[in-house]
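Analysis of the macromolecular model
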Amino acid sequence: KHHGLWVMGDAAQSFGASAYGHKVGTLAEITATSFFPAKPLGCYGDGGCVFTDNDALAALLRSIRVHGKGKHKYDNVRIGINGRLDTIQAAILLQKLAIYPDEFAARQRLFEHYAYLMRDLDIVFPQVPDGFMSAWAQYTLCIPENIGRDALQAAMRAEGVPTMVYYPKPLHQQEAYKFFPQAPTLQHSEALSLQVLSLPMHPYLAPEDQRYVVEVLKNCLSRV
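Described in the following lines is the structure provided in the data block. Quantities reported herein were computed from a predicted structural model and do not represent experimental measurements.

Counting secondary structure elements, the protein chain contains 5 helices and 8 strands. Beginning at the N terminus, the succession of helices and strands in the protein chain can be written as β-β-β-β-β-α-α-β-β-α-α-β-α. Along the first, second and third principal axes, the C-alpha atoms of the protein chain reach 65 × 45 × 35 Å. Burial status across the protein chain gives 37% buried among its 224 residues. When contacts within the protein chain are restricted to residue pairs at least 6 apart in sequence, those whose partners lie at least 24 apart make up 57%. Carbon and sulfur atoms form 57% of the exposed surface of the protein chain, whose accessible area is close to 14,500 Å². For the protein chain, the centre of its 21 positive side-chain charges and the centre of its 21 negative side-chain charges are spaced 8 Å apart.

And the structure:
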């Protein structure tokens, strides 16, 4: 506020998460989330939402959402976008929102079970500080530097276990941002982008499937 700046919260993968009792969506004046199918609360196509309790910002966002409309949709008072959510996606989200608390709780149980299964594994796996709660959009490991990630993924895939890399290239290495200011060194981002690996994580993953995933992970780590 001192510098006249504002903050937009990014909740694309953290819908339902909280910090010290404050839910994502209340930590900034504006918060955006994604309803892409891979997100914790996802529709069956593209979708998203913006949260704010500022009436003036809400009116501005509604205008931008529909081509920058003014009093009606054929009155354009600013440059906008076509950002309307399809009715069918909204209908799907209303149904999924009703069961979201149960799915959120299921993701917490999956996290705890993964942590238990990997307690004796010499690998960096997720931890949550006291006072925080994650939505567990992904369950991401940091594999040792001496392990070839491509080989590990291929070995696990051969055993029927899919994995993903979120994300293979840091923002400062993206072509679109190469002329933007950046810190003198971002070595940790660069190193981690080569070591992260995400395991299957969704609220309907059965405990026996989790055990199989970790068993395959351990076996593959020992031979790649």
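From this point, the narrative continues.
Considering soluble globular proteins, one finds that nonpolar side chains tend to be buried as a cluster. Core analysis: the biggest nonpolar cluster contains 30 residues, and Tyr114, Met118, Tyr139, Leu152, Leu199 and Leu217 have the highest contact counts within it. Sorting the residues of this core by element identifies helix H2 (87–117), strand S7 (139–142), helix H3 (149–158), strand S8 (196–199) and helix H5 (207–221) as the ones contributing at least two each. Per-element accounting of this core gives the leading share, 6 residues, to H5. For Leu152, the residues in contact, after removing those within four places along its chain, are Ile143, Ile147, Leu197, Leu217, Cys220, Leu221 and Val224. Among the nonpolar cores identified, the runner-up in size contains 9 residues, and Ala17, Phe35, Cys43 and Ala135 belong to it.

This part is about the sheet that holds strand S5 (residues 48–51). The strand order across the open sheet formed by 3 strands is S1-S4-S5, and the pairing between neighbours is mixed. Either end of the sheet is taken by a strand with one partner, and the two such strands are strand S1 (8–10) and S5. Averaged over neighbouring strand pairs, the angle between their axes works out to 20° when direction is ignored. With 4 bridges connecting them, strand S4 (residues 30–34) and S5 associate as antiparallel partners. Across the sheet, residue Thr33 finds its bridge partner in S5, namely Cys49.

Among the surface-exposed residues, Leu171, Tyr177, Phe179 and Phe180 lie close enough to one another that they form a single nonpolar patch of about 520 Å² accessible area. Structurally, the position occupied by Phe180 is in the loop between H3 and helix H4 (187–192).

Time to look at the sheet that holds strand S2 (residues 18–19). Sheet strands pair by backbone hydrogen bonding; their relative direction is either parallel or antiparallel. Spatial strand order, S3-S2-S6: 3 strands in an open sheet with antiparallel pairing. Both edges of this open sheet fall to strand S3 (22–23) and strand S6 (132–133), since each of them pairs with a single strand only. Pairing analysis gives 2 bridges linking S2 to S3, with the strands arranged antiparallel. Bridge pairing links Ala19 to His22 in S3.

This next bit is on the pattern of salt bridges. Enumeration over the complete set of coordinates arrives at 3 salt bridges. For the salt bridge of Asp120 with Lys218, the shortest nitrogen-to-oxygen distance reads 3.3 Å. Note that Asp120 is positioned in the loop between H2 and S6 and Lys218 in helix H5, a separation of 98 residues in sequence. Residue class for Asp120 comes out exposed when judged on its relative accessible area of 60%.

Another point: the state of the cysteines. For the structure on display, the rule yields 0 disulfides. Left without a disulfide partner, Cys43 is nearest to the cysteine sulfur of Cys49, which lies 11 Å away. Residue class for Cys49 comes out partly exposed when judged on its relative accessible area of 26%.

Conventions and cut-offs
- Residues numbered from 1 in each chain as written.
- Predicted model: local features only at pLDDT ≥ 70, side-chain atom pairs only at ≥ 80, totals over all residues.
- Heavy atoms only, no water.
- Helix = DSSP H or I, 4+ residues; strand = E, 2+ residues; numbered from the N terminus.
- Buried < 20%, exposed > 50% of the residue type's maximum accessible area, 1.4 Å probe, protein only.
- Contact = heavy atoms within 4.5 Å.
- Areas by Shrake-Rupley, 256 points an atom, 1.4 Å probe, with all protein chains shown as cover.
- Lys, Arg positive; Asp, Glu negative; His and termini not counted.
- Charge placed at Lys NZ, Arg CZ, Asp CG, Glu CD.
- Core = buried A, V, L, I, M, F, W, Y, C linked by side-chain atoms within 4.5 Å.
- Pairing = 2+ DSSP bridges.
- Axes fitted to C-alpha atoms, helices over the stretch in contact; angles between N-to-C directions.
- Patch = residues over 30% accessible without salt bridge, like charges linked within 9 Å, V, L, I, M, F, W, Y side chains within 5 Å.
- Salt bridge = Lys/Arg side-chain N within 4 Å of Asp/Glu carboxyl O.
- Disulfide = S-S within 2.5 Å.

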